[in-house]
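Next come the chains, spelled out residue by residue.
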Amino acid sequence: MIKVRMNMKYVLYMHGGSGNHGCEAIVRTTAKLLGGPENVKLWSLAKQEDARYGAAEGVEEIVLSEQLKKFSPGYFEAQLRRRLLGQQDANMKVFLRQQFRDNVAVSVGGDNYCYPWSAKQAVELNREIRKHCRATVLWGCSVDPEAVTPEVREDLAKYDLITARESISYELLKAINPNTVLVADPAFTLARRDLPLPEGFAEHHTVGINVSPLIMKYGTEGLLILENYEHLIRHILENTQMHVCLIPHVVWEQNDDREPCRALFEKFRDSGRVCMAPDCNATELKGFIARCRFLVAARTHASIAGYSSCVPTLVLGYSVKSRGIARDLFGTEKGYVLPVQALKSGHDLTEAFRRMAQQEHEIRTALEEIMPRYRQRAE
């Protein structure tokens, strides 16, 4: 157990910025679960994004790794380390000591052990952080077995606490580190805020669609994925009275959901029944998703906004997290997750959506029953 002492803080790290609204949702809900601003600091790689989308409101302060106050003792120490000892990473070493000394380090990047390159970064960073902090926590995570090299396994075994957000990762991690518990992703507790609906959005009669450029790297053919989305939208317009809202959930320049969403919107804008949600913060995006009838999502945290709002949700997934969360909610991922790698024709997504829609009442009823106790797993 981690004993909290006076003046000790939880320092959230491995946060890339709130332009990924899933990361924003994790920071918002984690800060609240850990007691609010007076207890929590955030080390962010994109401080301006966090201020723009409001994630800064839940933490005491946001720090950047280059923030060594000029002419402070730490600033001069880093200068001496570089000049006398040749330490090119002196700024970072001093920064990590200042931020983590006698505090609890909470790694909030839930996906960091899903990819080999990010797992390697986590290992290197944790090696330095553990020299200074009271304890390390891996928070609300999923782990891909393929990313667990011997070096990564050693790093995972050193955490004082691991909270796994789905049972597939829990079983893997429990065998590595006995200090592992099964929870739900903290974003299941995210509040929602309802903005005015975009023109063309029919409340509770709209299919929300989230498209990610990231999933196109996992399909056999990127164009086949877009073809599946096009076929799905055309099916909805031609065979139902429902509307469609394209909902971006990540807006980073190098990984921007708005790009494929705009391409799809342009194809169908003349229908009068297809709209696109504006970029806004995670609580406001959840407000749009909660007023959908169905959701088709590529991003994990878009799907979590759907599940937690009791909206029947189909995930076009590519990793262990999608399968694990669906399995924990429904007992199986079959019918709830369509692996992007399994797409073979342009109508596979449409067929999966049709099957889900036929079970609309049963899925919604199941979510309404499950959600109260599932949120408690996060709390």
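Whatever comes next refers back to the structure up there.
It should be emphasised that the depicted structure is a prediction, and the values quoted were computed from it without experimental measurement.

Draft legend 1. Up close: the pattern of salt bridges. Under the definition given, this model contains 24 salt bridges. For Lys9, the salt bridge goes to Glu60, with nearest N and O atoms at 3.2 Å. Of the two residues, Lys9 sits in the segment before β1 (10–15) while Glu60 sits in the loop between α2 (47–53) and β3 (61–63), which places them 51 residues apart along the sequence. Overall, Lys9 belongs to the buried group, its relative accessible area being 17%. Of the residues examined, Glu60 reaches a relative accessible area of 40% and is grouped as partly exposed. One salt bridge in this structure joins Arg165 and Asp111, with 2.4 Å as the shortest N-O distance.

Draft legend 2. Seen up close, helix α11 (residues 300–308). Among the 9 residues that make up α11, 9 are buried, leaving the element largely enclosed by the rest of the structure. Listed as buried for α11 are Thr300, His301, Ala302, Ser303, Ile304, Ala305, Gly306, Tyr307 and Ser308. Along its buried surface, α11 packs onto α1 (21–33), α10 (282–290), β13 (294–297), β14 (313–317), α12 (320–330) and α14 (360–378). After α11 finishes, the residue Cys310 shows a positive phi value of roughly 60°.

Draft legend 3. Just empty space enclosed by the protein, in detail. On inspection of all chains with the given rule, the structure shows 2 cavities of 30 Å³ or more. Counted as a void, the largest cavity has a volume near 50 Å³. In terms of lining residues, the largest cavity is bounded by Ala25, Ala187, Leu190, His249, Ala282, Leu285, Lys286, His301, Ile304 and Ala305. When contributions to the lining of the largest cavity are tallied by element, the ones reaching two or more residues are α10 and α11. Of the residues that constitute the lining of the largest cavity, the class distribution is 7 nonpolar, 2 polar and 1 charged. Residue lining of the second largest cavity: Thr300, Ser303, Tyr307, Val315, Lys321, Ser322 and Ile325, and that is the complete set. When contributions to the lining of the second largest cavity are tallied by element, the ones reaching two or more residues are α11 and α12.

Draft legend 4. Geometry of the packing of aromatic side chains. The tally for this structure, following the rule as stated, stands at 9 aromatic pairs. Seen in terms of ring centroids, Phe330 and Tyr336 are 3.9 Å apart; in terms of plane orientation they differ by 5°. Their pairing is stacked. As far as the burial class goes, Phe330 and Tyr336 line up, both buried. An aromatic cluster is present here, built from Tyr13, Trp43, Phe95 and Phe100 joined pairwise through their rings. Seen from the ring of Tyr159, Arg130 lies directly overhead, with NZ or CZ sitting 4.8 Å from the centre.

Draft legend 5. Main features of the nonpolar core. Counting 59 residues, the largest nonpolar core has Ile209, Tyr229, Tyr307 and Phe353 as the members making the most contacts within it. Per-element accounting of this core gives the leading share, 8 residues, to helix α8 (residues 222–239). Within the second largest apolar cluster, 28 residues are counted, among which are Phe100, Ala105, Leu156 and Ile162.

Draft legend 6. View of the layout of surface pockets. In this structure, the largest pocket spans a volume of roughly 1,100 Å³. In terms of lining, the largest pocket is formed by 38 residues, of which the most central are Asn20, Cys23, Asn112, Trp117 and Trp252. Within the residue set of the lining of the largest pocket, elements represented by two or more residues are β1, α1, α5 (116–129) and α11.

Draft legend 7. Structural detail: the pairing of strand β4 (residues 104–107). With burial as the criterion, each face of β4 is covered, one bearing Val104 and Val106 and the other bearing Ala105 and Ser107. Relative to strand β5 (residues 135–141), β4 is paired through 4 bridges, and the arrangement is parallel. Looking at β5, one finds that Ala105 is bridged to Thr136. This β-α-β element, β4 to α5 to β5, shows right-handed connectivity.

The rules behind these values
Residues numbered from 1 in each chain as written. Predicted model: local features only at pLDDT ≥ 70, side-chain atom pairs only at ≥ 80, totals over all residues. Heavy atoms only, no water. Salt bridge = Lys/Arg side-chain N within 4 Å of Asp/Glu carboxyl O. Helix = DSSP H or I, 4+ residues; strand = E, 2+ residues; numbered from the N terminus. Buried < 20%, exposed > 50% of the residue type's maximum accessible area, 1.4 Å probe, protein only. Contact = heavy atoms within 4.5 Å. 1 Å grid on protein atoms, 1.4 Å probe; cavity = no way out; pocket = protein on both sides within 12 Å on 5 of 7 lines; lining within 4 Å. Points joined across faces, edges and corners; volume = space filled by probe spheres on them. Nonpolar A, V, L, I, M, F, W, Y, C, P; charged D, E, K, R; others polar. Phe/Tyr/Trp six-rings, centres within 6.5 Å; stacked < 30°, edge-to-face > 60°. Lys NZ or Arg CZ within 6 Å of the ring centre and 35° of its normal. Core = buried A, V, L, I, M, F, W, Y, C linked by side-chain atoms within 4.5 Å. Pairing = 2+ DSSP bridges. Right-handed = clockwise from strand over helix to strand, strands pointing away.

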